[in-house]
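So the chains spell out like this:
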Amino acid sequence: MKKILFALVIASGLTQTTQAQVGCDMMSLIVNVSDTDMVKLYHPGNYLTSPQNENVIVWEITDMQGNLIAEDTLINNSDFLFYHNTPLTDTMNVFALLTNASAGVACVIYDQLYWKVTQPVPGFFYGYWTLHGNIAGNLGIDDIEPTTASVYPNPSNDLVNISLDKGELLKIELYSMTGRLLFKKDVNSSSYALNIGDYPSGAYLVRVFNQNNDVTNIKILKK
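Residues numbered from 1 in each chain as written. Predicted model: local features only at pLDDT ≥ 70, side-chain atom pairs only at ≥ 80, totals over all residues. Heavy atoms only, no water.

Looking only at helices and strands, the protein features one helix and 16 strands. The buried share of the protein, taken over its 223 residues, is 47%. Counted over contacts in the protein with a minimum sequence separation of 6, partners at least 24 positions apart contribute 57%. Split by element, the accessible area of the protein, about 10,600 Å² in all, is 50% carbon and sulfur. (Helix = DSSP H or I, 4+ residues; strand = E, 2+ residues; numbered from the N terminus. Buried < 20%, exposed > 50% of the residue type's maximum accessible area, 1.4 Å probe, protein only. Contact = heavy atoms within 4.5 Å. Areas by Shrake-Rupley, 256 points an atom, 1.4 Å probe, with all protein chains shown as cover.)

Structure representation (structure tokens):
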């Protein structure tokens, strides 16, 4: 099973907003319907978090080699439907980032899809895509500190230097806290200087991938 590295610290009171939001640990993905080449995922966060029209969910599905299968950014929508040609013997990685600026909520879910075959009655076999069950957990990301990656200076006005404690960088992604992908680059080097000078002041989420496609999530601040 692919090991997923975390740099996430759960901050007390992340979802204790005036709207009494449900915590990130209460959210689990569900496979609504699937076929050999299709999966429809359901994210309960859109229903559990208000105001719903400000819920943004960033979806990303990859194979075990890190190749992109499907991605989308959905607003006020719990369902993510995608088609694929993944062999039934393979596993797909699922990443879902839910943010709601007004509610002060940011939740990351990692999981894995695999093909399961059951025999409900003797001689009849039934297969479907199912989830391991949030193998990496549901975590709030109000305050994130780097543990497997070095990021400095943070906060910064312009350049943020990123390197891994072990291994080399494969890819870097920068997201706004509303879930919008702002920047994506294949790196393949020991370090990278990320320029955030053109972005407004505030918090951002950086996803750092190593050569094994393990991912570390880091919160950075633009002065």
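A few words now on the pattern of salt bridges. Counted according to the given criterion, the structure contains four salt bridges. Residue lysine 171 is joined to glutamate 173 by a salt bridge in which the shortest nitrogen-to-oxygen separation is 3.8 Å. Overall, the relative accessible area of 9% leaves lysine 171 in the buried class. Here glutamate 173 and arginine 207 are joined by a salt bridge, their closest N and O atoms 3.1 Å apart. Of the two residues, glutamate 173 sits in strand β12 (residues 169–176) while arginine 207 sits in strand β15 (residues 202–210), which places them 34 residues apart along the sequence. For the pair formed by glutamate 173 and arginine 207, the shared burial category is buried. Taken together, the shared-partner salt bridges in this structure form one network comprising Glu60, Lys171, Glu173, Lys184 and Arg207. (Salt bridge = Lys/Arg side-chain N within 4 Å of Asp/Glu carboxyl O.)

Pairing between sheet strands relies on hydrogen bonds along the backbone, with the strands arranged either parallel or antiparallel. What the three strands build is an open sheet, ordered β10-β11-β14; its pairing is antiparallel. Lying at the two open borders of the sheet, with one neighbouring strand each, are β10 (149–152) and β14 (191–195). Adjacent strand axes in the sheet meet at a mean angle of 20 degrees, parallel and antiparallel pairs treated alike. (Pairing = 2+ DSSP bridges. Axes fitted to C-alpha atoms, helices over the stretch in contact; angles between N-to-C directions.)

Tallied over the entire structure, the rule returns seven aromatic pairs. For the ring pair tryptophan 115 and tryptophan 129, a centre distance of 5.5 Å and an interplane angle of 70 degrees mean the geometry is edge-to-face. Linking tryptophan 115 in strand β7 (residues 105–121) with tryptophan 129 in strand β8 (residues 124–131), this pair joins segments that are 14 residues apart in sequence. With respect to class, tryptophan 115 is no different from tryptophan 129; both count as buried. Taken together, a centroid distance of 5.9 Å and an interplanar angle of 50 degrees make the contact between tyrosine 199 and tyrosine 204 tilted. Grouped by ring-pair contacts, the aromatic residues Trp59, Phe80 and Phe82 constitute a single cluster. Of note, arginine 207 hangs over the ring of phenylalanine 95, and the distance from its end group to the ring centre comes to 3.5 Å. (Phe/Tyr/Trp six-rings, centres within 6.5 Å; stacked < 30°, edge-to-face > 60°. Lys NZ or Arg CZ within 6 Å of the ring centre and 35° of its normal.)

With that settled, the discussion passes to the sheet that holds strand β1 (residues 30–35). Strand order in the open sheet formed by three strands is β1-β2-β5, with antiparallel pairing between adjacent strands. Edge positions in the open sheet fall to β1 and β5 (79–83), since each of these has one partner strand only. Geometrically, the sheet is characterised by an average inter-axis angle of 15 degrees between neighbouring strands, direction not taken into account. The pairing of β1 with strand β2 (residues 38–42) spans five bridges and is antiparallel. Bridging across to β2, valine 31 finds its partner in leucine 41.

Note that β7 and β8 share seven bridges and pair antiparallel. Residue lysine 116 lies in a different strand from β8, and its bridge partner there is tyrosine 128. Where β7 folds back on β8, the antiparallel hairpin that results is connected by two residues, among which glycine 123 adopts a positive phi of roughly 85 degrees.

Read these as geometric descriptors, not functional statements.
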